[in-house]
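Below are the chains, spelled out letter by letter.
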Amino acid sequence: MSTARIAHEFSNIVREIRKTHVGKGPTHIITRFTGPWAICEMKGNLTSVEKFMSRTEEGRRMIHETRTEFIKKIYEDLSVGRPLEELVNAKLVTLFVDFRYEMDTAMTVFVFDRPLVLDM
């Protein structure tokens, strides 16, 4: 399977995880691989309620907290990341997450235990 196809599959799995645990998956994901990292840029994340909440500072704070800390907690359940591990044949070690509500863009960096050699 080509690296492009693996990136597409990786994006689909991430979208399904978000849909299952957050209630809405991103409308657009680009996944890039470099060394032991899979970097996902996700756009179109906000729900209608979150768009309404983003009108206030407290709402923006809550959105950021939910879209960063909550996402990290989801992956504490090791079974959640297993499909990603199986796809790239590496163990997920940790992830870094950030969200910018004003751009409706999330970035997640998945860190694996070894450099990803994906062309098969």
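One can find the structure itself at the top, above this paragraph.
Residues numbered from 1 in each chain as written. Predicted model: local features only at pLDDT ≥ 70, side-chain atom pairs only at ≥ 80, totals over all residues. Heavy atoms only, no water.

A.B. asks: What is the right way to look at the layout of surface pockets in this model?
C.D. replies: A water-sized probe rolled over the atoms picks out the places where empty space is left. Estimates place the volume of the largest pocket at around 210 Å³. In this structure, the largest pocket is lined by 13 residues; those nearest its centre are Tyr75, Glu76, Leu78, Leu92 and Val93. Those elements giving two or more residues to the lining of the largest pocket turn out to be helix H4 (78–88) and strand E3 (92–100). Classifying every residue of the lining of the largest pocket by side-chain character gives 5 nonpolar, 2 polar and 6 charged. (1 Å grid on protein atoms, 1.4 Å probe; cavity = no way out; pocket = protein on both sides within 12 Å on 5 of 7 lines; lining within 4 Å. Points joined across faces, edges and corners; volume = space filled by probe spheres on them. Helix = DSSP H or I, 4+ residues; strand = E, 2+ residues; numbered from the N terminus. Nonpolar A, V, L, I, M, F, W, Y, C, P; charged D, E, K, R; others polar.)

A.B. asks: Please clarify how the pattern of salt bridges should be interpreted in this entry.
C.D. replies: Within this structure, the stated rule accounts for 11 salt bridges. Across the pair lysine 19 and glutamate 16 runs a salt bridge, and its minimum N-O distance is 3.9 Å. Linking lysine 19 with glutamate 16, this pair stays in helix H1 (residues 3–22), spanning 3 residues, or about one helical turn. Relative accessible area serves as the criterion here: at 45%, lysine 19 is assigned to the partly exposed category. Its salt-bridge partner being arginine 100, residue glutamate 102 comes within 2.5 Å of it at the nearest N-O pair. (Salt bridge = Lys/Arg side-chain N within 4 Å of Asp/Glu carboxyl O. Buried < 20%, exposed > 50% of the residue type's maximum accessible area, 1.4 Å probe, protein only.)

A.B. asks: What is the right way to read H4 from this model?
C.D. replies: One turn of the α-helix equals 3.6 residues, which is why residues spaced by three or four share an orientation. Of all the positions in H4, only Val80, Gly81, Leu84, Glu85, Leu87 and Val88 are classed as buried. Along the axis of H4, the buried positions cluster into a sector of 160°, meaning they face one direction only. The exposed set on the far side of H4, more than 90 degrees from its buried face, consists of Leu78 and Glu86. (Arc of directions from axis to C-beta.)

As far as function goes, none of this settles anything; it's purely spatial.
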